[in-house]
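Tertiary structure, described
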Amino acid sequence: SNTVLNNLTSKFGETAIAAGGIVKKIDMLPMNVTMGLSQGVLPLIAYNYASNDYKRMKKAASFTRFIAVSFSILCIIIFQIFAKDLVSIFIKDPQTIFYGAKLLRIVCIAMPVMAIDFLITTMFQATGQGPQALILSIVRKGPIDIALMYLMNYLIPLYGLYAVQPIVDTFALIVAIVLYAFFLKKLNAKMHN
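Report follows, based on the coordinates. Source: prediction; values computed, not measured.

1. Overview of the environment of Leu151
In this fold, Leu151 is placed in helix 8 (residues 143-155). Separated by 24 residues in the primary sequence, Leu151 and Thr127 place their C-alpha atoms 36 Å from one another.

2. Describing the nonpolar core
Ranked by size, the top nonpolar core spans 31 residues in total, and within it Ile26, Phe79, Leu104, Met149, Leu158, Leu161 and Tyr162 carry the most contacts. Going through the elements one at a time, helix 1 (2-10), helix 2 (14-50), helix 3 (54-81), helix 4 (83-90), helix 5 (94-107), helix 8 and helix 9 (159-191) are the ones with two or more residues in this core. Of all the elements, helix 5 adds the most residues to this core, at six residues. Not counting residues within four places of it along the chain, the set of residues in contact with Phe79 comprises Ile26, Pro30, Leu86, Leu104, Arg105, Cys108 and Met111. Counting residues in each nonpolar core, the second largest holds 19 residues, with Ile120, Met123, Ala126 and Phe183 among its members.

3. A short note on empty space enclosed by the protein
Scanning the model with the defined rule gives two cavities of 30 Å³ or more in all. A volume near 80 Å³ is recorded for the largest cavity. Every residue along the wall of the largest cavity is listed here: Ser1, Asn2, Leu5, Lys24, Val107, Lys141, Asp145, Met149, Leu161, Tyr162, Val164 and Gln165. The set of elements that each furnish at least two residues to the lining of the largest cavity consists of helix 1, helix 8 and helix 9. Examining the composition of the lining of the largest cavity, we find that four residues originate from one element, helix 9, more than from any other. Residues of the lining of the largest cavity, tallied by class, amount to six nonpolar, three polar and three charged. Considering only enclosed or pocket space, the second largest cavity measures out at about 40 Å³ in volume. Forming the boundary of the second largest cavity are Val41, Ile45, Ala61, Arg65, Leu119 and Met123.

Conventions we followed
Each residue is numbered by its place in its chain's sequence as written, counting from 1. Local features in this predicted model are restricted to residues of pLDDT 70 or higher, and side-chain atom pairs are both shown and tallied only at a pLDDT of 80 or more, whereas totals for entire chains, interfaces and linings draw on every residue. Just so you know, side-chain values use all the structure's heavy atoms and leave hydrogens and water out. A run of H or I in DSSP counts as a helix once it spans at least four residues, and a run of E counts as a strand once it spans at least two, with each numbered from the N terminus. Take the buried Ala, Val, Leu, Ile, Met, Phe, Trp, Tyr and Cys residues and link them wherever side-chain atoms come within 4.5 Å; each set so joined is a nonpolar core. The buried label goes to any residue with under 20% of its type's maximum accessible area, the exposed label to any with over 50%, and the partly exposed label to all in between, with areas taken from a 1.4 Å probe on protein chains only. Here, residues are in contact when the closest pair of their heavy atoms is within 4.5 Å. Using a 1 Å grid laid over the protein atoms alone, points where a 1.4 Å probe fits but cannot get out form a cavity; open sets with protein on both sides within 12 Å along at least 5 of 7 lines form a pocket; any residue with an atom within 4 Å of a point counts as lining. Grid points are joined across faces, edges and corners, and a volume is the space filled by probe spheres set on the points. When residues are sorted by character, Ala, Val, Leu, Ile, Met, Phe, Trp, Tyr, Cys and Pro go into the nonpolar class, Asp, Glu, Lys and Arg into the charged class, and all the rest, Gly among them, into the polar class.

Have a look at this one:
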């Protein structure tokens, strides 16, 4: 997925490649925080699931989701307002800053959705729901992502490439919610037995 993104971006020149690289670095902050929260809560979810303490497990998952989404929303606000300033930390070229600011404003929209996707995937991993976790991982970064890059680049050159992430993350969220609803239904049935 990243290789295709880089190859398609390279057709717009060095400035676009530099801007895309900078945006990916800035975008790593909320993603890494969410990944850290996900990995941190995984043992807690697994332990409570194994000990049949589903209420505590749900509380831990909900609290972590709240923190991750809140941080992501804060990042969106900061990235929207200070996009040019953030990109200019990495480079001083005006054209790269222009592209980078526009791309950052597009990419950052996906942050809260991505946070929920990651945390639902973690819930599935922690509770032994391997197929569901795999499905979500493939939906987020795989054939759909790559096909959409070609389509969006054709429809909206360059900017469409970076709009793919919010689109795919939103689609993954829909899939995650459906899978999670089935999981909760089974969990609730266990709780009432």
